[in-house]
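Coordinate inspection notes
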Amino acid sequence: MADVQKTAYQEKFTSIPLDAGQSENRKKVPKRVIHFSDGVIEEYSSDEEDSVDCKPVTVVDPKSLTWIPWCAHYAKTAAMMSLTVAELCGEKLAWLFGITSPKYGYAIEEYKRIAKEAEEEKQRVEKLKEQANVNSAFDVKVVGDGEGVSPIQPKAEDMEAANKY
């Protein structure tokens, strides 16, 4: 009998209707339904969103203002319009002011330029060495014991052979 009472006791607390106190006629309707490739999301409006209080917008007539409020009004209007334009054209303005460029971009470009010049210089030296090897197709013989060294002039045949290259 103890088991029966325990079961009745458990049923009493586990079968509490959750909608008690709410009218059955009011059913939440989703504010919007968003369909995704992997499912659907239903957005429901909350009570906070339903009761949004809008501040009344006051319209200012600049003709009726004195000088200081008139200047303040137009300064505020100009600032708000500038902010709106900056928000709309933000990416282009960031590019114009150089905000999107890397902080040390100039150093990177300088390094690349120096490396390119070094490579070009290396290629130029290699090319000069090749030309020097081609131009020295004839041998220069030195006659003497080393004190009064005088090279023997190359023959005309050797000069013609060297000029072919």
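Rules used throughout
- Residues numbered from 1 in each chain as written.
- Predicted model: local features only at pLDDT ≥ 70, side-chain atom pairs only at ≥ 80, totals over all residues.
- Heavy atoms only, no water.
- Helix = DSSP H or I, 4+ residues; strand = E, 2+ residues; numbered from the N terminus.
- Buried < 20%, exposed > 50% of the residue type's maximum accessible area, 1.4 Å probe, protein only.
- Contact = heavy atoms within 4.5 Å.
- Areas by Shrake-Rupley, 256 points an atom, 1.4 Å probe, with all protein chains shown as cover.
- Phe/Tyr/Trp six-rings, centres within 6.5 Å; stacked < 30°, edge-to-face > 60°.
- Salt bridge = Lys/Arg side-chain N within 4 Å of Asp/Glu carboxyl O.
- Pairing = 2+ DSSP bridges.
- pLDDT = per-residue confidence, 0-100.

1. Focus on the overall build of the protein
Helix and strand counts for the protein come out as 6 helices and 4 strands. Classification of the 165 residues of the protein by burial places 2% in the buried group. Excluding contacts between residues fewer than 6 apart, the proportion of contacts in the protein whose partners are at least 24 apart in sequence is 9%. Accessible surface for the protein amounts to roughly 16,300 Å². Of this, 58% is attributable to carbon and sulfur atoms.

2. A few points about the packing of aromatic side chains
For the structure shown, the criterion picks out 2 aromatic pairs. A ring pair is formed by tryptophan 67 and tryptophan 70, whose centres lie 5.6 Å apart and whose planes are at 80°; its orientation type is edge-to-face. Remark: tryptophan 70 and tryptophan 67 occur in helix 3 (residues 67-88); sequence separation between them is 3 residues, near one turn of the helix. For tryptophan 67, a relative accessible area of 66% translates into the label exposed. With a relative accessible area of 32%, tryptophan 70 lands in the partly exposed category. Ring plane angle 65° and centroid distance 4.9 Å describe the contact between tryptophan 70 and tyrosine 74, whose orientation is recorded as edge-to-face. Remark: tyrosine 74 and tryptophan 70 occur in helix 3; sequence separation between them is 4 residues, near one turn of the helix. Tyrosine 74 sits in the partly exposed class, given a relative accessible area of 40%. Put simply, the rings of Trp67, Trp70 and Tyr74 touch in pairs and so form one group of aromatic residues.

3. A short note on the pattern of salt bridges
Applying the stated criterion across every chain yields a total of 4 salt bridges. Arginine 32 serves as the salt-bridge partner of glutamate 43, at 2.7 Å between the closest nitrogen and oxygen. Linking glutamate 43 in strand 2 (residues 39-43) with arginine 32 in strand 1 (residues 32-36), this pair joins segments that are 11 residues apart in sequence. Arginine 32 gets classed as partly exposed once you look at its relative accessible area, which sits at 46%. Of the charged contacts in the structure, one is a salt bridge between glutamate 117 and arginine 113, with a shortest N-O distance of 2.6 Å. Taken together, the residues span about one helical turn, with glutamate 117 and arginine 113 both in helix 5 (residues 105-135) at a distance of 4 residues. Each of Glu110, Arg113 and Glu117 takes part in salt bridges that share partners, so that together they form one network.

4. Observations concerning the pairing of strand 2
Direction of pairing for strand 1 relative to strand 2: antiparallel, over a ladder of 5 bridges. Residue pairing for strand 2: valine 33 is matched across the bridge by glutamate 42.

5. Notes on the confidence of the model for the protein
Averaged over all residues, the pLDDT of the protein equals 76, while 60% of them reach at least 70. For the protein, the element scoring lowest by mean pLDDT is strand 4 (residues 150-151), at 54; helix 3 scores highest, at 92.

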